[in-house]
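Here's the letter readout for the chains.
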Amino acid sequence: MHIADILVYVRGVDMSENRGKQFEGIVRDCFERAEFCIDRLHDQTNGFKGSQNISDFVVFRQPNIMYLECKSCHGNTFPLSNITQTQWNGLLEKDLFQGVYAGVMIWWIDKDVTKFVPIYDLQILADSGAKSIRFDTAFGIEVPGKKKRVFFEYDMEKFWEELKNEYGT
């Protein structure tokens, strides 16, 4: 085995994979361990117009469903422009239905903060002229978790309860 191969694959994590994709995998694993029904909507790479997905995941636990887009960023702010128009419009459309949560889970890497921000709240920010959202925003719900070196192990049971308490069923 060459040193380059060892550097690419360390402790079961493909280091060539970007942090955002690794974050998505951890979110999925945490939901699965908490016995949620979760489906990954694979990114479309065929380039056909209209074939983009509105979110990374669809998460279900009776009686609610969530359309969840995962994003990560460095620094203090997450640019709203990192959400595609397809994602924005699709999440807003899903948010109209009772029992549906639709939003973005953002991991501010440098701040060790992960929040779920409903798309409705992001729309309020955008309508007010905001171009980004800060890690210490009052919007959304901080996702509880325990840091393990770089990544977190999230408590999705606790997160889901806080989500229901804050935004209803």
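Chemist: Lay out the overall build of the chain in plain terms, naming residues and giving numbers.
Modeler: In terms of regular secondary structure, the chain is built from 5 helices and 12 strands. Among the 169 residues that make up the chain, the fraction classed as buried is 41%. The long-range share in the chain, meaning contacts at least 24 apart out of those at least 6 apart in sequence, stands at 58%. As displayed, the chain has an accessible area near 9700 Å², and 50% of this comes from carbon and sulfur atoms.

Chemist: Explain the sheet that holds strand S4 (residues 57-61) to me, and be specific about the residues and the numbers.
Modeler: Pairing is mixed across the open sheet formed by 6 strands, whose spatial order is S3-S4-S5-S7-S8-S10. Strand pairing shows two members of the sheet lacking a second neighbour, strand S3 (37-40) and strand S10 (141-142), which therefore form its edges. Of the pairings in the sheet, the one linking S4 to strand S5 (residues 64-73) comprises 5 bridges and is antiparallel in character. Its bridge partner being in S5, Phe60 is matched across the sheet by Ile65.

Chemist: Please provide a residue-by-residue account of the nonpolar core, values included.
Modeler: Side chains that are nonpolar tend, in soluble globular proteins, to be buried together. Among the nonpolar cores identified, the biggest contains 27 residues, and Val27, Phe31, Leu68, Tyr154, Met156 and Phe159 are the most heavily contacted of them. Listing elements by their share of this core, those giving two or more residues are helix H2 (19-33), S4, S5, strand S7 (100-108), strand S12 (151-154) and helix H5 (156-167). When sequence neighbours within four positions are dropped, the list of residues in contact with Val27 reads Phe57, Leu68, Cys70, Met105, Tyr154 and Met156. Grouped together as the second largest cluster of nonpolar side chains are 21 residues, Ile54, Phe78, Ala102 and Ile119 included.

Chemist: Before we move on, could you go through the confidence of the model for the chain and cite the residues and values that matter?
Modeler: For the chain, mean pLDDT is 88; residues scoring 70 or higher make up 85% of the total. Confidence drops under pLDDT 50 across residues 1-16; counting only partners more than four residues distant or on other chains, this segment forms 12 contacts.

Thresholds applied
- Residues numbered from 1 in each chain as written.
- Predicted model: local features only at pLDDT ≥ 70, side-chain atom pairs only at ≥ 80, totals over all residues.
- Heavy atoms only, no water.
- Helix = DSSP H or I, 4+ residues; strand = E, 2+ residues; numbered from the N terminus.
- Buried < 20%, exposed > 50% of the residue type's maximum accessible area, 1.4 Å probe, protein only.
- Contact = heavy atoms within 4.5 Å.
- Areas by Shrake-Rupley, 256 points an atom, 1.4 Å probe, with all protein chains shown as cover.
- Pairing = 2+ DSSP bridges.
- Core = buried A, V, L, I, M, F, W, Y, C linked by side-chain atoms within 4.5 Å.
- pLDDT = per-residue confidence, 0-100.

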